[in-house]
Amino acid sequence: MGRDITKKQMKAQQGEADAVRMYNRLARKVEGVSDALAFLRLAGDEQRHENICASLTGKTVKASPVKAIMVPLMYRCLGKEKTYNIIASAEYDAAKAYEEVIADFPEL
């Protein structure tokens, strides 16, 4: 049975699901095998995070397609360097925004 969870915790779980979908799609769109493999590894990491959240909360979420559509489009329009910087910034911002969630779920 899952724990009682907050909206912020559920939003973090949703973010993990969205990231899995986004990184998997991006892996199919980028140029270069090493970049594609890196995104597949990131998708795997995000999947593990989502699985941990689901096991703790007892809830599952459905990934939104928005980031999985927008980020590959950004890659095509803005190029690799700008898109990768945006992704890195978003990951760092998420880690900071969800410090409480990480504290509540140290397994993450």
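By convention here, each chain's residues receive numbers from 1 onward along its written sequence. In view of the model being predicted, local features appear only for residues whose pLDDT reaches at least 70, and side-chain atom pairs are presented and counted only at 80 or more, with totals across whole chains, interfaces and linings using the full set of residues. Side-chain numbers come from the whole structure's heavy atoms, not from hydrogens or water.

Peer 1: What is the right way to look at the overall build of the chain in this model?
Peer 2: Looking only at helices and strands, the chain has five helices and zero strands in total. Numbering of helices and strands runs from the N terminus, with a helix taken as a DSSP run of H or I at least four residues long and a strand as a DSSP run of E at least two residues long. Along its sequence from the N terminus, the chain presents helices and strands in the succession α-α-α-α-α. For each residue, the accessible area found with a 1.4 Å probe, counting protein chains only, is set against the maximum for its type, and the residue is called buried under 20%, exposed over 50%, and partly exposed in between. By the burial criterion, 31% of the 108 residues in the chain qualify as buried. Note on definitions: a residue-residue contact is assigned when non-hydrogen atoms from the two residues lie within 4.5 Å. If you take every contact in the chain between residues at least 6 apart in sequence, the share linking residues at least 24 apart comes to 78%. Working definition of accessibility: Shrake-Rupley area with a 1.4 Å probe, residue cover restricted to the visible protein chains. For the chain, the accessible surface area stands at approximately 7000 Å², while carbon and sulfur atoms represent 57% of it. Neither His nor the chain termini are counted; the positive set is Lys and Arg, and the negative set is Asp and Glu. A charged residue contributes its charge at one atom only: NZ of Lys, CZ of Arg, CG of Asp or CD of Glu. For the chain, the centre of its 17 positive side-chain charges and the centre of its 15 negative side-chain charges are spaced 7 Å apart.

Peer 1: Sorry if this is basic, but what is going on with the nonpolar core here?
Peer 2: In a soluble, globular protein the nonpolar side chains are often hidden away together inside. Nonpolar cores were defined as sets of buried Ala, Val, Leu, Ile, Met, Phe, Trp, Tyr and Cys residues, with membership established by side-chain atoms within 4.5 Å. Of all hydrophobic cores here, the largest spans 12 residues; its members are A19, M22, Y23, L26, A27, V30, A36, F39, A43, V71, Y75 and I87. Sorting the residues of this core by element identifies α1 (7–29), α2 (33–57) and α3 (66–78) as the ones contributing at least two each. Tallying contributions element by element places α1 first for this core, with five residues. Excluding residues that lie within four positions of it along the chain, I87 makes contacts with Y23, L26, F39 and V71. If you look at the next biggest cluster of nonpolar residues, it comprises five residues, including A12, Y98, V101 and F105.

Peer 1: What exactly am I supposed to notice about the layout of surface pockets here?
Peer 2: Any empty space left between atoms is shown by rolling a water-sized probe over those atoms. A volume near 640 Å³ is recorded for the largest pocket. Mapped onto the lining of the largest pocket, the elements with two or more residues apiece are α1, α2, α3, α4 (80–97) and α5 (99–104). With nine residues, the top contributor of residues to the lining of the largest pocket is α1. Class assignment of the residues belonging to the lining of the largest pocket gives a composition of 16 nonpolar, three polar and six charged. Here a cavity is any set of points on a 1 Å grid over the protein atoms alone where a 1.4 Å probe fits but cannot get out, and a pocket is any open set with protein on both sides within 12 Å along at least 5 of 7 lines; a residue lines the site when it has an atom within 4 Å of a point. Grid points are joined across faces, edges and corners, and a volume is the space filled by probe spheres set on the points. We call Asp, Glu, Lys and Arg charged. Ala, Val, Leu, Ile, Met, Phe, Trp, Tyr, Cys and Pro are nonpolar, and the rest, Gly among them, are polar.

Peer 1: Which parts of the structure should I look at to understand the confidence of the model for the chain?
Peer 2: Any region with low pLDDT has predicted coordinates that should not be read closely. Summing up the model confidence of the chain, the mean pLDDT is 90 and the portion of residues at 70 or higher is 95%. Summary of the metric used: pLDDT quantifies the predictor's per-residue confidence within the range 0 to 100. Within the chain, the element-level pLDDT minimum falls on α5, averaging 81, and the maximum on α3, averaging 97.

Peer 1: Help me understand the environment of A97, please; the structure alone is not making it clear to me.
Peer 2: Assignment of secondary structure puts A97 in helix α4. Looking at A97, the relative accessible area reads 37%, which means it is partly exposed.

Peer 1: Could you clarify how one ought to interpret the pattern of salt bridges in this entry?
Peer 2: Pairing between side chains of opposite charge can happen when their charged atoms approach one another. Salt bridges are defined as contacts in which a side-chain nitrogen from Lys or Arg sits within 4 Å of a carboxyl oxygen from Asp or Glu. Taken as a whole, this structure holds two salt bridges when the rule is applied. One salt bridge connects K80 with D35, and the closest N-O pair in it is separated by 3.0 Å. Separated by 45 residues along the polypeptide, K80 in helix α4 and D35 in helix α2 bring together distant segments of the chain. Of the residues examined, K80 reaches a relative accessible area of 42% and is grouped as partly exposed. Here R48 ties to D45 by a salt bridge, and the two come within 2.1 Å at their closest N and O atoms.

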